[in-house]
Structure formats: structure tokens, C-alpha cells
Amino acid sequence: MSAEGRVGVLLGQESRSLPRLFPSPFGDVRLVTVKALLPAELEYASKRGTQGAAELAQRFAGNGEEHLARANRQAVV
């Protein structure tokens, strides 16, 4: 959470360990991941816009935590 009380997330980051789609009796269901950002990551993305969010997504994919949200993890920036 930022000093202003904002919470940042990345939506829809692809995951190597989760399927993108899975079938259900009513049709395919698409999984949409929600990656909670730490304050430093939120600030990074806020200052850099779309490019900053893309860079964060790359870093999360690189460390294998593209869809995991752990409160005790280290920021990737």
C-alpha cells in the first residue's frame, strides 16, 4: 500500500504453472492472475506507466513468481 492508501496490481500475467484456459460445462474459463505489488513496485510502475508495468511483469516471470503474491517477498525493483 502506498502512503496515499493505494494498492497496485498487475492483471493477467501469463503463468508457466497455471493453464490459461480450462473447460467447464458452460464453456472455457479463462484464468486472470492478480499480482499484488509492493509499495516500491507500485511507485516504479506509476512513474514509468505501461513500460514500467511490462518491466515488472518481465522481472516476475524471470524469478518464477509471475502470479504468486507473498507479503514477505523482496521487491523486484
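Read on for a plain summary of the structure. For every chain, the first residue of the written sequence is number 1, and numbering continues from 1 onward in sequence order. Thresholds applied to this predicted model are a pLDDT of at least 70 for local features of residues and 80 or more for the giving and counting of side-chain atom pairs; totals over whole chains, interfaces and linings are not thresholded and use all residues. Note that the side-chain values use all heavy atoms of the structure and ignore hydrogens as well as water.

1. Regarding the overall build of the protein
Basically, it comes down to this: By the criteria applied, helices consist of DSSP H or I runs no shorter than four residues and strands consist of E runs no shorter than two, each listed in order from the N terminus. Burial status follows relative accessibility: with a 1.4 Å probe on protein chains alone, a residue under 20% of its type maximum counts as buried, one over 50% as exposed, and anything between as partly exposed. Throughout, a residue-residue contact means that at least one pair of heavy atoms, one from each residue, lies within 4.5 Å. Per-residue and other accessible areas follow the Shrake-Rupley method at a 1.4 Å probe size, with only the shown protein chains counted as cover for residues.
Helix and strand counts for the protein come out as one helix and four strands. Going from N to C terminus, the protein has its helices and strands arranged as β-β-β-β-α. By principal-axis analysis of the C-alpha atoms, the protein measures approximately 45 × 25 × 25 Å. With 77 residues in all, the protein has 27% of them scored as buried. Relative to all contacts within the protein whose residues are 6 or more apart in sequence, the contacts with residues 24 or more apart total 58%. Accessible area of the protein: about 5300 Å², with a carbon and sulfur share of 56%.

2. Overview of the environment of Ala45
Mapped onto the elements, Ala45 comes out in helix α1 (residues 39-62). A C-alpha to C-alpha distance of 16 Å links Ala45 and Gly5, two positions 40 residues apart in sequence. With residues up to four places along the chain from it excluded, the contact list for Ala45 reads Gly52, Ala53 and Leu56.

3. What about the pattern of salt bridges?
Put simply, the rule reads: Salt bridge criterion: a side-chain nitrogen from Lys or Arg within 4 Å of a carboxyl oxygen from Asp or Glu.
Within the structure shown, the criterion is met by five salt bridges. When the shortest N-O distance is used, the salt bridge between Glu65 and Arg70 registers 3.4 Å. Assessed through its relative accessible area of 19%, Glu65 is described here as buried.

4. Quick notes on the nonpolar core
For soluble globular proteins, the rule of thumb is that nonpolar side chains tend to be buried together. Quick reminder of the rule: As used here, the term nonpolar core means buried Ala, Val, Leu, Ile, Met, Phe, Trp, Tyr and Cys residues forming a set that is joined through side-chain atoms within 4.5 Å.
Ranked by size, the top nonpolar core spans seven residues in total: Leu10, Leu37, Tyr44, Ala45, Leu56, Phe60 and Val76. Sequence-distant contacts of Phe60, defined by excluding residues within four places in its chain, comprise Leu10, Gln13, Lys35, Leu37, Glu41, Glu65, Glu66, Arg73 and Val76.

5. What to know about the pairing of strand β3 (residues 27-30)
So the rule is basically this: DSSP calls a pair of strands paired once it identifies at least 2 bridges connecting them.
Sheet topology note: the strand β2 (residues 21-24)/β3 ladder contains four bridges and is antiparallel. Across the sheet, the residue bridging to Pro23 is Asp28, located in β3.

Don't take any of this as a statement about function, it's just geometry.
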